[in-house]
Amino acid sequence: MKLHPSTLVVHSGVEPEEHTGASSVPIFMGSTFHQKDIDTPQPFDYSRSGNPTRQAVEETMALLEGGTRGFAFASGIAAMSTCLGLFSAGDHLIATRDIYGGTYRLLDKVWSNFGVETTFVDATDIEAIRSAARPNTRGLVLETPSNPTLAITDLRACATLAKEQGWLTIVDNTFMTPCLQKPLELGIDVVVHSATKFLGGHSDLIAGAVVVKDDKLGKRIGFLQNAFGAILSPHDSWLLLRGIKTLAVRMEASQRGAAQVVDYLSGHPKVKRVYYPGLSSHPGQEIHCQQAKGAGAVLSFDLGGKDEVKKLFAHIKLPLVAVSLGGVESILSYPATMSHAAMEPAEREKRGIGPGLVRLSVGLEDPDDLKADLEEALKAL
Ligand SMILES: Cc1ncc(COP(=O)(O)O)c(C=O)c1O
């Protein structure tokens, strides 16, 4: 039976627990496991290599993304770092220039030291990707909708190009979650998540996840996960599992709220521009609709300058003003000094991350309350 995401998140096949019938997977805190026979491998031997609670969340993620293997990591960046271990010195990567600042830092300032060079391109333009190709190009790193300008990359077209060229494709699916977008079904090889965000959903956890479909790739990532050791702890695996159970309803409600806030902000005289893939005026909206089931719960808007942003932040009451997104509470952030602080000002400017840009992750508050709060705060500008 093919189940819908809202059913899968609740019945992901990991419950009831096989020994006691408990409704929740236990938190297996053991670092190691007694081996009954040293010649017969058991399912678990050491918790870095595998842990039953972590395995439960890894299987859940694989099921949700339509993959065969899932992997849970200590953070989204740990997940991405581990995937980049698939490449070797001398390899060249192409990455979208509209990428999370920490991923940019990882590629530009860390992996570059190990001989993996990255060219950043405007991935909304497939020709720009094609032109960046070199004989040693091995991978394509994408994020759509991107952070924070919600730029849309055509995943099917990128997967086709990458297959022609023999490149490995990696997509950060944090903003959409498997409830709204399934990159593996569009031909992408590796899906990466900051599970800190919508998957965890409660701003109480730092976690990452990777899902792949191909068996051999699964074995390589499994090897790298154990080799790097940046695994998710049993306790945090349980928290993530708990968060995922309500993912579908949270995404639906937050997305509904985001659409209403976008509607409101789009008509506000002090708002210069709204970035949201649900707007018909948003570049790439048609492509987004073909590859995703919804526009999500993250939007950005431009107030013109930093002074205006500071006034808004000083008067807003409901959203947290913080780094991060995807929580039950709305979160307002200032990409220039938060998510994209790791990027040089000139690089930020190229990506449209100007001094007036604000990102809003819409939570589960009543959208009327969010709009009223914005209305009052915008009066201060
Ligand atoms: C789109 C995206 N990818 C990856 C990351 C990194 O994840 P983490 O903070 O869990 O390491 C973030 C964090 O903000 C993000 O927004």
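Cut-offs applied
- For every chain, the first residue of the written sequence is number 1, and numbering continues from 1 onward in sequence order.
- Residues qualify for local features only when their pLDDT is at least 70, as the model is predicted, and side-chain atom pairs are given and counted only at 80 or more; totals for whole chains, interfaces and linings, by contrast, use all residues.
- Calculation of side-chain values draws on the structure's entire complement of heavy atoms; hydrogens and water are dropped beforehand.
- UniProt positions are given in the numbering used here, feature names are shortened, and annotations may be inferred rather than shown by experiment.
- The helix and strand labels rest on DSSP assignments: H or I over at least four residues marks a helix, E over at least two residues marks a strand, and numbering proceeds from the N terminus.
- Under the scheme applied here, a residue whose accessible area is under 20% of the maximum for its type counts as buried, over 50% as exposed, and between as partly exposed, the area being computed with a 1.4 Å probe on protein chains only.
- Neither His nor the chain ends contribute to the count of charged residues, in which Lys and Arg are positive and Asp and Glu negative.
- Only one rule defines a salt bridge in this text: a Lys or Arg side-chain nitrogen within 4 Å of an Asp or Glu carboxyl oxygen.
- Whenever a nitrogen or oxygen atom comes within 3.5 Å of another N or O atom, the pair is scored as a polar contact, on the condition that within protein one atom can donate a hydrogen and the other can accept it, and that pairs from neighbouring residues in sequence are kept only if both atoms are in side chains.
- Throughout, a contact is declared for two residues whenever any of their heavy atoms are within 4.5 Å.
- By convention a nonpolar core is built from buried Ala, Val, Leu, Ile, Met, Phe, Trp, Tyr and Cys residues, the set being connected through side-chain atoms within 4.5 Å.
- Pairing between two strands is assigned when DSSP locates at least 2 bridges connecting them.
- Inter-axis angles, ranging from 0 to 180 degrees, are taken between N-to-C directions of lines fitted to C-alpha atoms, where helices are fitted over the stretch in contact.

The protein is annotated in an unreviewed UniProt entry as cysteine-S-conjugate beta-lyase from Heliobacterium chlorum. Here the protein is described in UniProt, under the heading Cofactor (unreviewed entry), as follows: "pyridoxal 5'-phosphate". Quoted verbatim from the Sequence similarities (unreviewed entry) field of the UniProt record, the comment on the protein reads "Belongs to the trans-sulfuration enzymes family."

Here we take up the side chain of Glu65. Within the secondary structure layout, Glu65 lies in helix H2 (residues 52-65). Of the buried charged residues, Glu65 lacks a salt bridge, with Lys182 as the closest side chain of opposite charge at 6.7 Å. Separated by 2.6 Å, the side chains of Glu65 and His193 make a polar contact. Apart from residues lying up to four places away in sequence, Glu65 is in contact with Asn173, Pro178, Gln181, Lys182, Pro183, Leu184, Val191, His193 and Val211.

Attention now moves to the nonpolar core. Nonpolar side chains in soluble globular proteins tend to end up buried together. With 39 residues, the main nonpolar core has Phe198, Leu199, Leu240, Ile244 and Leu247 as its most contacted residues. Sorting the residues of this core by element identifies H2, helix H7 (177-180), strand S7 (208-212), helix H9 (234-244) and helix H10 (247-266) as the ones contributing at least two each. Looking at this core, the element that brings in the most residues is H2, giving 5 residues. Among all residues touching Leu240, those that are not within four sequence positions of it are Val57, Ala195, Leu199, Gly200, Leu205, Ala207 and Leu232. Counting residues in hydrophobic clusters, the runner-up holds 29 residues, among them Ala79, Leu84, Val116 and Met343.

Taking strand neighbours across the sheet as the criterion, the 7 strands line up as S1-S7-S6-S5-S4-S2-S3 in an open arrangement whose pairing is mixed. Of all the strands in the sheet, just strand S1 (69-73) and strand S3 (117-121) have a single pairing partner and so form its edges. Neighbour-to-neighbour, the strand axes of the sheet open up by a mean angle of 20°, direction not taken into account. Here strand S2 (residues 92-96) pairs with strand S4 (residues 137-143) via 4 bridges, running parallel. Pairing of Leu93 across the sheet is with Gly139, part of S4. Lying over the sheet, H2 contacts S1, strand S6 (190-194) and S7, oriented at roughly 125° with respect to S1.

It is worth spelling out the sheet that holds strand S11 (residues 331-333) at this point. The strand order across the open sheet built from 5 strands is S8-S9-S12-S11-S10, with neighbouring strands paired in mixed fashion. In this open sheet, the two edge strands, each paired with only one partner strand, are strand S8 (273-275) and strand S10 (320-321). The strands touched by H10 within the sheet are S8, strand S9 (298-302) and strand S12 (357-361), with S9 carrying the most contacts at an inclination of about 10°. With respect to the sheet, helix H12 (residues 306-315) is in contact with S9, S10, S11 and S12, its orientation differing from that of S11 by roughly 155°.

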